[in-house]
Amino acid sequence: MGLVTWPMLALIGKYIKVKRAAAMGIVLAGSSLGGVIWPIAIDRLINNPNIGFPWTMRIVAFIMIPCFIFTCTVAKSPDTSTTDVESREITTEQKDKSLSHKEEALALFRKPSLQLLSLAMFITYFGMFSPFFYTTSYAVEKGFSTSLAFYTVSIVNGASFFGRILPGIIADKCGKFNCCIIATISAGIIALCWTKVTSVPGLVIWSAAYGFASGGILSLQQACAAQVATTTTLGLAIGTVSGSTALSAMANVPISGALVEKYGYLSLSIFSGTSLLLGGTLLIAARLVQNRQLRAII
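Think of each chain on its own: its residues are numbered from 1, step by step along the sequence as written. Confidence filtering applies because this is a predicted model: local features only for residues at pLDDT of at least 70, side-chain atom pairs given and counted only at 80 or more, and all residues used for totals across whole chains, interfaces and linings. In computing side-chain values, all of the structure's heavy atoms are included and hydrogens and water are not.

A word on the layout of surface pockets. Put simply, the grid is 1 Å and covers the protein atoms alone, a cavity is a trapped set of points that fit a 1.4 Å probe, a pocket is an open set with protein on both sides within 12 Å along at least five of seven lines, and lining residues have an atom within 4 Å of a point. Grid points are joined across faces, edges and corners, and a volume is the space filled by probe spheres set on the points. Approximately 1,500 Å³ is the volume attributed to the largest pocket. If you trace the largest pocket, you find 31 residues lining it, with Met1, Thr5, Gly30, Ser31 and Arg164 closest to the centre. Only helix H1 (2-15), helix H2 (20-46), helix H3 (52-74), helix H7 (130-141), helix H8 (146-174), helix H10 (200-227) and helix H11 (234-263) provide two or more residues apiece to the lining of the largest pocket. Ranked by the residues each element gives to the lining of the largest pocket, the list is headed by H2, at eight residues. Under the scheme applied, nonpolar residues are Ala, Val, Leu, Ile, Met, Phe, Trp, Tyr, Cys and Pro; charged residues are Asp, Glu, Lys and Arg; polar residues are all the others, including Gly. A breakdown of the residues in the lining of the largest pocket according to their chemical character gives 20 nonpolar, ten polar and one charged. Here the second largest pocket defines a volume of roughly 160 Å³. Along its surface, the second largest pocket is lined by Leu166, Pro167, Ile170, Cys179, Ile182, Ala183, Ser186, Phe212, Ala213, Gly216 and Leu220. Secondary-structure elements contributing two or more residues to the lining of the second largest pocket are H8, helix H9 (176-192) and H10. Residue composition of the lining of the second largest pocket, by class: nine nonpolar, two polar and no charged. Think of it this way: any DSSP run of H or I at least four residues long counts as a helix, any run of E at least two long counts as a strand, and we number them from the N terminus.

Take the packing of H8 against H10 next. Orientation of H8 relative to H10, taken along the N-to-C sense of each, is 40°, at an axis distance of 6 Å. In terms of axis orientation, H8 runs oblique to H10. Crossing of H8 against H10: the hand is right-handed. Here the contact of H8 with H10 is composed, by residue class, of 15 nonpolar, nine polar and one charged. Where helices are involved, their axes are fitted lines through C-alpha atoms of the stretch in contact, as for all axes, and angles between N-to-C directions lie from 0 to 180°. These descriptions rest on fixed angle ranges, namely under 35 degrees for roughly parallel, over 145 for roughly antiparallel, 65 to 115 for roughly perpendicular, and the rest for oblique. By convention, the crossing between two helices is left-handed when the near helix turns anticlockwise from the far helix through less than a right angle, and right-handed when the turn is clockwise.

A few words now on the pattern of salt bridges. Note that side chains of opposite charge can pair when their charged atoms are close. Throughout this description, the term salt bridge denotes a Lys or Arg side-chain nitrogen within 4 Å of a carboxyl oxygen of Asp or Glu. Summed over all chains, the structure comprises one salt bridge. Measuring nitrogen to oxygen at the nearest pair gives 3.5 Å for the salt bridge that ties Asp172 to Lys176.

A few words now on the side chain of Thr124. Among the secondary structure elements, Thr124 is positioned in helix H6 (residues 112-124). Each residue's exposure class comes from its accessible area (1.4 Å probe, protein chains only) as a fraction of the maximum for that residue type: buried when under 20%, exposed when over 50%, partly exposed otherwise. When its relative accessible area of 0% is taken as the criterion, Thr124 is described as buried.

A few words on the nonpolar core. The term nonpolar core refers to a set of buried residues drawn from Ala, Val, Leu, Ile, Met, Phe, Trp, Tyr and Cys, joined through side-chain atoms within 4.5 Å. Ranked by internal contacts, the top residues of the largest apolar core, which has 59 residues, are Leu117, Met121, Met128 and Tyr210. Considering every element that reaches this core, the biggest residue donor is H10, with eleven residues. Whether two residues touch is decided by their heavy atoms; if any such pair falls within 4.5 Å, the residues are in contact. Once residues lying within four places of it in the same chain are set aside, the contact partners of Met128 are Tyr210, Ser214, Ile217, Leu218, Asn252, Ser275 and Leu276.

Each residue after the first adds 1.5 Å to the expected span of a helix. Given a rise of 1.5 Å per residue, 29 residues ought to cover 42 Å, and the 41 Å separating the end C-alpha atoms of H8 matches this to within 8%. At any given residue, the bend is defined as the angle formed between two axes, one fitted to the seven residues that end at that position and one fitted to the seven that begin there. Along H8, the sharpest change in direction is near 30° and occurs at Thr152. Once H8 finishes, Gly175 follows within two positions and takes phi at roughly 110°, a positive value.

Right, let's talk about the state of the cysteines for a bit. When two cysteine sulfur atoms are found within 2.5 Å, that pair is recorded as a disulfide. This structure, assessed with the given rule, holds zero disulfides. Looking at Cys72, it has no disulfide partner, and the nearest cysteine sulfur is the one in Cys67, 11 Å off. Cysteine Cys193 remains unbridged, with the sulfur of Cys180 as its closest cysteine sulfur at 20 Å.

Here you go:
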């Protein structure tokens, strides 16, 4: 999935430069839409005695394969490709450009803004997905109906759809880092309020609020990565930030499960909220490295 997602975002970033954050948010919003549809569809298919789990997974695959084939067919790099004859006639100047690209990549890795952004996302992802995976079980434990508990996942993803598009549109005017900081800190505060949800309206509102805030993080992190990169290193910057989140995102679910099992949902709420707030603090540092003026559009 990583081989599919991040190259496509880099491709969009190369084509669209003026309203890049909005474009990336629209692309990522597709996964939120899938997050609304797939849980409902899969639940209905699995619970159908004539279909069951094996054919449910096959149906999912039969739907995904044509989508991937279409995407890979129409995707094209904006860079002009050279012919076989041209590729054989590589001049000394082209070799120098190749070397300068390597130097540019090394310079990107040395940027404090990219280092702090990667660290911020690494810390953020330790707790960001906890509500996505454990809101349903929390609702069941609190005595809500199982159908409502199940649909909280769709509520979170439905709100995340708008959270990925609207902050991206605003970020192009107010600054990618500025908006990402607000989204991350807001998500942290909402996560800390998790265990205060004791009613059906409260659960719905909380799920929607967290989905919207976390959606802003998911879309704006790549816009921030693109901002600190050049055109030639844009894909590398997006890959670096995404790669920094891989291990912490993987550790998030088992850590969350262990916390719930031993200490309850309050500990999970504190863990999730603290990681988001710490990540937001590091994002502030990444923003100040670029410009210390508080009203600057960064």
